[in-house]
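# Remarks on the overall topology
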Amino acid sequence: MADVMRSTGPEDDPQDGEHRDRASASSEERARTGEPRSEKKSKGKKKGSFWRELPILIVTALVLTVLIQAFVARVYVIPSQSMEQTLHGCPGCNNDRVLVDKISYRFTDPEPGDVVVFRGPQPWVQDGFRSSEPANPVAGFFQNVSSLLGFGAPDEKDFVKRVIAVGGQTVECCDQQNRVLVDGEPLDEPYLYFEPGSGDVQKPFEPVTVPEGHLWVMGDNRNDSADSRVQGGGGPRGAVPVENVIGKAQVIVLPPTRWQSIPEPNPQALALGAPGWQSGLPLGAGFAAAFPVVLAGRKLVGVVTERRARERR
């Protein structure tokens, strides 16, 4: 009997069956690992992944901005002439923006010569001070949010002055050479500025012993500054509690033509023999504390980058 030969279709070819099995296994493997099936679909997934991550990145950036400004540093606007010419601030001019370091004073107290930003104590703000808050609550909300994020002006109850004396010291004005005295010794104040038309003689005041835990602050534009000499009626009521200090003004960041560090010579160094190396302590502490913040930021960036890299694979 002759053998009957029949042709075999693709479905009967054993090799084709093996190909189908491998293709099916590969498809299942891709589905299990999340590998894109084609270049076109891969691009679409990457694009969709970016838009899904964008809100997360925006929220993370906003949260970090708030945390940095609350605990690390913040930019403040100088709105008055009281610190001329160290800091520029006047109606109609391009006011300085200064970076205020909030870390330094977590490790040390303000020292004479430091330029500090502080919340106005009650005696400073209770008489005649009015904050220009919007009457519209919606406008007020957006103003507070913009201030929190660093886009708007901070609370107008914040002030910037230079520390002249600290708790327990006695300050008065002036000696025969028109110099402020602390504990009977004259100060060396190279930053002093007498605005034309305001005279070049400092207004005298009687000796004041600064209460413990307080600071005696004055403006560099000495005859155009409402400071500890007059606020709250002057005397001990004009002193500022250390706990009201927000931070130390370190650098002028805007306008670009004014980029520079803020000079903070200790006016008592010559008179009272304070060691010069002490003036570097706050800055050193600030830099030391900044490293963990930078490392944490890098780690966060690394986590985001690694996640995106896994999604590309």
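Scroll up to find the structure this text is about.
Residues numbered from 1 in each chain as written. Predicted model: local features only at pLDDT ≥ 70, side-chain atom pairs only at ≥ 80, totals over all residues. Heavy atoms only, no water.

## Let's talk about the overall build of the protein
Helix and strand counts for the protein stand at 6 helices and 12 strands. Classification of the 313 residues of the protein by burial places 33% in the buried group. Counting only contacts in the protein whose residues sit at least 6 apart along the sequence, the fraction spanning at least 24 positions is 72%. Surface summary for the protein: the accessible area is close to 19000 Å², and the carbon and sulfur share equals 58%. (Helix = DSSP H or I, 4+ residues; strand = E, 2+ residues; numbered from the N terminus. Buried < 20%, exposed > 50% of the residue type's maximum accessible area, 1.4 Å probe, protein only. Contact = heavy atoms within 4.5 Å. Areas by Shrake-Rupley, 256 points an atom, 1.4 Å probe, with all protein chains shown as cover.)

## Comments concerning a nonpolar patch on the surface
Taken together, the side chains of Val 75, Leu 99 and Val 251 define a hydrophobic patch exposed on the protein surface, amounting to about 170 Å² of accessible area. With respect to the element layout, Val 75 can be found in strand S1 (residues 73-77). (Patch = residues over 30% accessible without salt bridge, like charges linked within 9 Å, V, L, I, M, F, W, Y side chains within 5 Å. Salt bridge = Lys/Arg side-chain N within 4 Å of Asp/Glu carboxyl O.)

## Observations concerning the state of the cysteines
By the definition in use, this model includes 1 disulfide. Disulfide pairing is shown between Cys 173 and Cys 174; the S-S distance is 1.6 Å. When the S-S torsion is -40°, as for the bridge of Cys 173 with Cys 174, the disulfide is left-handed. Of the residues examined, Cys 173 reaches a relative accessible area of 7% and is grouped as buried. Of the residues examined, Cys 174 reaches a relative accessible area of 24% and is grouped as partly exposed. (Disulfide = S-S within 2.5 Å.)

## Thoughts on the pattern of salt bridges
Tallying each qualifying case throughout the model produces 7 salt bridges. A salt bridge links Asp 220 to Arg 162; its shortest N-O distance comes to 2.7 Å. Placement of Asp 220 in the loop between strand S9 (214-218) and strand S10 (240-241) and of Arg 162 in strand S4 (residues 158-166) is noted, with a sequence separation of 58 residues between them. Accessibility assignment for this pair places Asp 220 and Arg 162 in one class, buried. Through salt bridges with shared partners, a single ionic network connects Asp 114, Lys 248 and Glu 264.

## Overview of the side chain of Gln 231
Along the chain, the position of Gln 231 falls in the loop between S9 and S10. The class of Gln 231 is buried, set by a relative accessible area of 14%. Not counting residues up to four positions away in its chain, the partners in contact with Gln 231 are Trp 124, Phe 159, Ala 226, Arg 237 and Gly 238.

## Examining the environment of Ser 49
Residue position: Ser 49 is located in helix H2 (residues 39-71). Between the C-alpha atoms of Ser 49 and Glu 311, which are 262 residues apart in sequence, the distance is 8.1 Å.

## Description of the pairing of strand S3 (residues 115-119)
Most of S3 is tucked away, with 4 of its 5 residues classed as buried. As paired strands, S3 and S4 are joined by 5 bridges and run antiparallel to one another. Of the residues in S4, the one forming a bridge with Phe 118 is Phe 159. Note that S3 and strand S11 (residues 245-254) share 3 bridges and pair antiparallel. Following the sheet pairing, Val 117 is matched in S11 by Gly 247. (Pairing = 2+ DSSP bridges.)

## Brief notes about the sheet that holds strand S7 (residues 185-186)
Note: strands within a sheet are paired through backbone hydrogen bonds, in either parallel or antiparallel orientation. Ordered in space as S7-S6-S5-S8, the 4 strands form an open sheet in which the pairing is antiparallel. Only two strands of the sheet have a single partner each, and these edge strands are S7 and strand S8 (205-209). For strand S6 (residues 180-182) and S7, the ladder comprises 2 bridges, and the chain directions are antiparallel. Paired with Leu 181 across the two strands is Pro 186, which belongs to S7.

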